[in-house]
Amino acid sequence: MKEESPPTVMIVGAGLGGLTLAILLQRAGFEYQIFEKAPEIRPFGSAIALGPNILPLLTQLGLYEQFLEIAKPVNHITLHKSQGMRRMGAIDIEEHIERSGYSSLVCSRPDLYDLLVSQIPKSRIFFGKRVLSLVQGDNGAQIQTADGCVYEADILVGADGGYSAVRQAMYDKMKKKGIIPSVDLEKMELNHTTMVGVTRPLNLDMYPLLKESRKGGFSRADWVIGHGPFTWSYFSLTNDRIGWGFGTQILTEELQKENDASKLSEWGPESTQALCAQIQDYEVPIGGTMGDLIHATPRDSISRMMLEEKLFETWYHQRTVLIGD
């Protein structure tokens with residue numbers, strides 16, 4: 001009997017989810033290709049924490065030791081009131097080690113992206129490939145991209161973010177068949193807007209509290225709340241950097257309309273200048289202000305993003321499956 005070959009896979013989206021899946025497929029010996037609409041790799045973001053729910057996967061992939069080189073353990077997160085930086089309490093994270101054998105580790109999101117993409121042969125990633133249409137049947141799936149190319153494989157994976165072109169195409173076809181739940185066709189609700197960045201290496205003489213954190217080997221993690229709908233936070237990272245974030249909860253129709261024009265934007269440095277000016281005087285627990293951290297961050301790596309919330313009921317149909325945001 002002739003042994004069947006493993007199925008071929010197309011992954012649309014070269015984000016963290018798409019890259020991780022690609023590494024899994026590569027380790028398992030599956031043929032795959034990644035299609036990314038951006039013309040080049042431009043990893044944005046701030047600090048990202050990986051806990052016991054995901055670290056075992058890095059161990060299985062043989063990437064855990066490399067991840068430790070770019071990450072710092074987090075033992076607790078301290079909460080502060082914006083008025084006077086009064087300490088409100090702390091979230092203990094060390095108990096993760098006792099329960100799972102893994103700590104929680106924080107790193108720069110761009111650093112994690114670089115680690116994952118380093119595992120993928122360049123010949124497997126195609127850039128500038130925006131998906132326009134999807135055709136699928138019992139024997140496979142086919143996509144057409146904006147440059148007129150057509151690709152096909154046994155399985156199609158949509159890992160292309162909150163406004164997934166793959167999901168939209170799949171849902172449109174299911175809608176015509178009358179088999180898509182009406183809740184999946186409703187708009188996503190815009191609840192938060194956030195701005196993030198990673199500083200250049202800092203002068204620790206200006207931040208003595210970071211020196212203490214560096215000696216202990218742990219990440220200094222602080223959250224500040226209580227200034228209206230605003231919160232801001234940061235984690236100290238390797239190489240004396242800080243990954244920071246500033247978030248606004250969308251509570252009124254005015255804010256909803258104000259951010260509506262930007263909600264389809266991708267991670268990027270657009271629309272950040274006005275918000276940077278607004279928050280530059282906000283204090284931070286390690287001393288100084290958010291403005292100090294912003295000024296220590298390369299301008300083109302500061303990104304703003306609208307964050308929607310929605311749980312979709314439908315995650316697959318025929319030969320297509322969705323992963324990620």
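Cut-off values and rules
- Residues numbered from 1 in each chain as written.
- Predicted model: local features only at pLDDT ≥ 70, side-chain atom pairs only at ≥ 80, totals over all residues.
- Heavy atoms only, no water.
- 1 Å grid on protein atoms, 1.4 Å probe; cavity = no way out; pocket = protein on both sides within 12 Å on 5 of 7 lines; lining within 4 Å.
- Points joined across faces, edges and corners; volume = space filled by probe spheres on them.
- Helix = DSSP H or I, 4+ residues; strand = E, 2+ residues; numbered from the N terminus.
- Nonpolar A, V, L, I, M, F, W, Y, C, P; charged D, E, K, R; others polar.
- Buried < 20%, exposed > 50% of the residue type's maximum accessible area, 1.4 Å probe, protein only.
- Contact = heavy atoms within 4.5 Å.
- Axes fitted to C-alpha atoms, helices over the stretch in contact; angles between N-to-C directions.
- Parallel < 35°, antiparallel > 145°, perpendicular 65-115°, else oblique.
- Left-handed = near helix turned anticlockwise from the far one by under 90°.
- Pairing = 2+ DSSP bridges.
- UniProt positions renumbered as here; feature names shortened; annotations may be inferred.
- Phe/Tyr/Trp six-rings, centres within 6.5 Å; stacked < 30°, edge-to-face > 60°.

### A look at empty space enclosed by the protein
At step 1: Counted under the stated rule, the structure contains three cavities of 30 Å³ or more.
At step 2: Roughly 70 Å³ of internal volume is contained in the largest cavity.
At step 3: Around the largest cavity sit Lys72, Leu204, Leu210, Arg214, Ser236, Leu237, Asp240 and Arg241, which together line it.
At step 4: At the level of secondary structure, the elements contributing two or more residues to the lining of the largest cavity comprise α7 (208-216) and β15 (230-237).
At step 5: When grouped by side-chain class, the residues that make up the lining of the largest cavity number three nonpolar, one polar and four charged.
At step 6: Empty space within the second largest cavity amounts to approximately 40 Å³.
At step 7: Surrounding the second largest cavity, Gly158, Ala159, Asp160, Gly161, Ser164, Arg167, Trp315, Leu322, Ile323 and Asp325 form its lining.
At step 8: In the lining of the second largest cavity, the residues fall into four nonpolar, three polar and three charged.

### Quick notes on the environment of Glu36
At step 1: Inspection of the secondary structure assignment puts Glu36 in strand β2 (residues 32-36).
At step 2: Glu36 gets classed as buried once you look at its relative accessible area, which sits at 15%.
At step 3: The contact partners of Glu36, leaving out residues within four places of it in the chain, are Gly13, Ala14, Phe126, Phe127, Gly128 and Lys129.

### Concerning the side chain of Thr145
At step 1: As for its placement among the helices and strands, Thr145 is situated in strand β10 (residues 140-145).
At step 2: When neighbours within four sequence positions are excluded, Thr145 is seen to be in contact with Lys129, Arg130, Val131, Leu132 and Tyr151.

### Some remarks on unusual backbone geometry
At step 1: Positive phi, close to 55°, is recorded for Met85, a residue that is not glycine.
At step 2: Among the structural elements, Met85 can be located in the loop between β5 (76-81) and β6 (87-92).
At step 3: Positive phi is not limited to glycine here, since Asn239 has a value of about 60°.
At step 4: Summarising the element assignment, Asn239 is placed in the loop between β15 and β16 (241-249).

### Section: the packing of helix α1 (residues 16-28) against helix α5 (residues 109-117)
At step 1: Where α1 contacts α5, the axes come no closer than 9 Å and their chain directions differ by 30°. Accordingly, the angle class assigned to the pair α1 and α5 is roughly parallel. Of the two elements, α1 crosses α5, and the hand of that crossing is left-handed. Where α1 abuts α5, its residues Leu16, Leu19, Thr20 and Ile23 lie against Arg109, Leu112, Tyr113, Leu116 and Val117.
At step 2: Within the contact of α1 with α5, the residues separate by chemical class into seven nonpolar, one polar and one charged.

### Here's the deal with the sheet that holds strand β8 (residues 125-127)
At step 1: Spatial ordering of the open sheet is given by β8-β2-β1-β12-β19-β18, a layout of six strands whose pairing is mixed. Each end of this open sheet is capped by a strand with a single partner; those strands are β8 and β18 (316-317).
At step 2: The pairing of β18 with strand β19 (residues 320-322) spans two bridges and is antiparallel. In the sheet register, His317 faces β19, and the bridge partner there is Thr320.
At step 3: Most of the contacts of helix α6 (residues 165-177) go to β19, to which it runs at about 125°, and overall it touches β1 (9-12), β12 (155-158), β18 and β19.

### Describing the UniProt feature "domain: FAD-binding" (unreviewed entry) in the protein
At step 1: Feature annotation in UniProt places "domain: FAD-binding" (unreviewed entry) on residues 8-178, given in this structure's numbering.
At step 2: Across residues 8-178 one finds 32% helix and 34% strand; the C-alpha atoms that close the span lie 29 Å apart.

### Section: the sheet that holds β15
Strand pairing in a sheet is mediated by backbone hydrogen bonds. Such pairs are either parallel or antiparallel.
At step 1: Ordered in space as β6-β5-β14-β15-β16-β13-β17, the seven strands form an open sheet in which the pairing is mixed. Two strands in the sheet have a free side with no partner beyond their single neighbour: β6 and β17 (303-309). Shown here is a sheet whose adjacent strand axes are inclined to one another by a mean of 20°, direction ignored.
At step 2: Sheet topology note: the β5/β6 ladder contains five bridges and is antiparallel. Residue His80 lies in a different strand from β6, and its bridge partner there is Arg87.

### Digging into the pairing of β15
At step 1: Buried residues dominate β15, accounting for seven of its eight residues.
At step 2: Bridge count for strand β14 (residues 221-227) against β15 is five bridges, and the pairing is antiparallel. Bridge assignment links Val224 to a residue of β15, and that residue is Trp232.
At step 3: Hairpin connection of β14 to β15: two residues between the antiparallel strands, including Gly228 at a positive phi of 60°.
At step 4: Direction of pairing for β15 relative to β16: antiparallel, over a ladder of eight bridges.

### A look at the packing of aromatic side chains
At step 1: On inspection of all chains with the given rule, the structure shows 10 aromatic pairs.
At step 2: Taking the centre distance of 5.6 Å and the plane angle of 90° together, the rings of Tyr64 and Tyr102 count as edge-to-face. Taken together, the residues span a long stretch of sequence, with Tyr64 in helix α3 (residues 64-70) and Tyr102 in the loop between α4 (95-100) and β7 (104-108) at a distance of 38 residues. Just as Tyr64 is buried, Tyr102 falls in that class too.
At step 3: Where Phe126 meets Tyr151, the ring centres are 6.2 Å apart and the plane angle is 45°; that geometry is what we call tilted. Here Phe126, found in strand β8, pairs with Tyr151, found in strand β11 (residues 150-153); they are 25 residues apart in sequence, far enough to count as distant.

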